[in-house]
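Here is how the chains run, residue by residue.
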Amino acid sequence: MRKKTGLFFGSFNPIHIGHLILANYILENSDMQELWFVVSPQNPFKEKKSLLDDMTRLDLVERALRNYEKMRVSNVEFSLPKPSYTIDTLTYLKEKFPNHSFALIMGEDNLAGLPKWKNAELLVKNYQIIVYPRYFEKSETLESYEEHENITLIDAPIIELSATQIRQMIKDGKNVRPMLPPEVFDYIDGSNLYK
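Please read all numbers here as calculations on a predicted model, not as lab measurements. Throughout, residues of each chain are indexed from 1 in the direction in which the sequence is written. Residue-level local features of this predicted model are given only where pLDDT is at least 70; pairs of side-chain atoms are given and counted only at 80 or more, and the full residue set underlies all totals for whole chains, interfaces and linings. To obtain the side-chain values, all non-hydrogen atoms of the structure were included, while hydrogens and water were left out.

Visitor: Looking at this structure, I do not really get the packing of helix α2 (residues 54–65) against helix α8 (residues 182–189). What am I missing?
Guide: Think of two packed helices as two axes; the pair is described by the angle between the axes and how far apart they sit. Axis angles are defined between N-to-C directions and span 0 to 180 degrees, where every axis is a line fitted to C-alpha atoms and, for a helix, only to the segment in contact. Comment: elements are numbered from the N terminus, with helices defined as DSSP H or I runs of at least four residues and strands as E runs of at least two. One way to put it is that α2 packs onto α8 with a least axis distance of 7 Å and a crossing angle of 140 degrees. Between α2 and α8, the angle is such that the two are oblique. Contacts between α2 and α8 involve D59, L60, R63 and A64 from the former and E183, V184, Y187 and I188 from the latter. Polarity classes work like this: nonpolar for Ala, Val, Leu, Ile, Met, Phe, Trp, Tyr, Cys and Pro, charged for Asp, Glu, Lys and Arg, and polar for all others, with Gly in that last group. Partitioned by chemical class, the residues of the contact of α2 with α8 number five nonpolar, no polar and three charged. Roughly parallel means an angle under 35 degrees; roughly antiparallel, over 145; roughly perpendicular, 65 to 115; everything else is oblique. Contacts were defined at the residue level, with two residues in contact if any of their heavy atoms lie within 4.5 Å.

Visitor: Even after reading the chapter, I still don't get the sheet that holds strand β6 (residues 151–153), so can you show me in this structure?
Guide: The strands that make up a sheet are held in pairs by hydrogen bonds between backbone atoms, and each pair lies either parallel or antiparallel. Should DSSP find at least two bridges between two strands, the strands are taken to pair. Strand order in this open sheet of six strands is β3-β2-β1-β4-β5-β6, and the pairing throughout is parallel. A single partner strand is all that each edge strand has here, and the edge strands are β3 (71–74) and β6. Neighbour-to-neighbour, the strand axes of the sheet open up by a mean angle of 30 degrees, direction not taken into account. Across five bridges, strand β4 (residues 100–107) lies against strand β5 (residues 128–132) in parallel orientation.

Visitor: How should the packing of aromatic side chains be read in this particular structure?
Guide: How two aromatic rings sit relative to each other is given by the distance of their centres and the angle of their planes. Aromatic contacts are taken between Phe, Tyr and Trp rings whose centres are within 6.5 Å, Trp giving its six-membered ring; a plane angle under 30 degrees counts as stacked, one over 60 as edge-to-face, and the others as tilted. One pass over the full model with this rule turns up seven aromatic pairs. On the basis of an interplanar angle of 75 degrees and a centroid distance of 5.2 Å, the ring pair of W36 and F97 is categorised as edge-to-face. Taken together, the positions of W36 in strand β2 (residues 34–39) and F97 in the loop between α3 (86–96) and β4 put the pair 61 residues apart, joining distant regions of the chain. Buried means the residue's accessible area, taken with a 1.4 Å probe over protein chains only, is under 20% of the maximum for its type, while exposed means over 50%, and partly exposed covers the values in between. The exposure class of W36 is buried, given its relative accessible area of 1%. Members of the aromatic cluster, connected to one another through ring pairs, are F8, F12, F37 and Y132. Counted as over-ring charges are cases with an Arg CZ or a Lys NZ within 6 Å of the ring centre that also lie within 35 degrees of the ring normal. For the cation-ring pair, R72 lies above W36, with the distance from its terminal atom to the ring centre recorded as 4.0 Å.

Structure follows, in structure tokens:
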């Protein structure tokens, strides 16, 4: 029996409590046995200028997950060609971990943009996709995907917390302690990150 593993991709710049709340909700309310946070070196759709270096972001995610035994961090995309495409990463993981059955975790906003992804039709055909709700303008694309047998919409809490917002607050000298896992807050607070 293959281990059902959810893959939560992101730059995690920085990882915040919204990410952990979602990951925990999925683990507790689905058949996922574990969840991997896949730290992306560079999202093809995002600018790199405000991105902390890969190893620092990986370290912050590691710190955040220390007390969660079903969650782990993955740096698999660090050694793959850049920019990282989800389909290439999944193909690689499938070969490297044949005893795992991988599912993709994404927000409704990402699902709506899926047609722009490399080999989107292969993703939808070959992988289970777990979709969490987001506040955003719904589209016809989204409705067409919602009917697909490999796509599961879950009723997770909507967390409107963004890493961009957190970075700006740190830069402005505001308190972000409640928004970050304690280990992550302590590390960022004791450093010059995002300032």
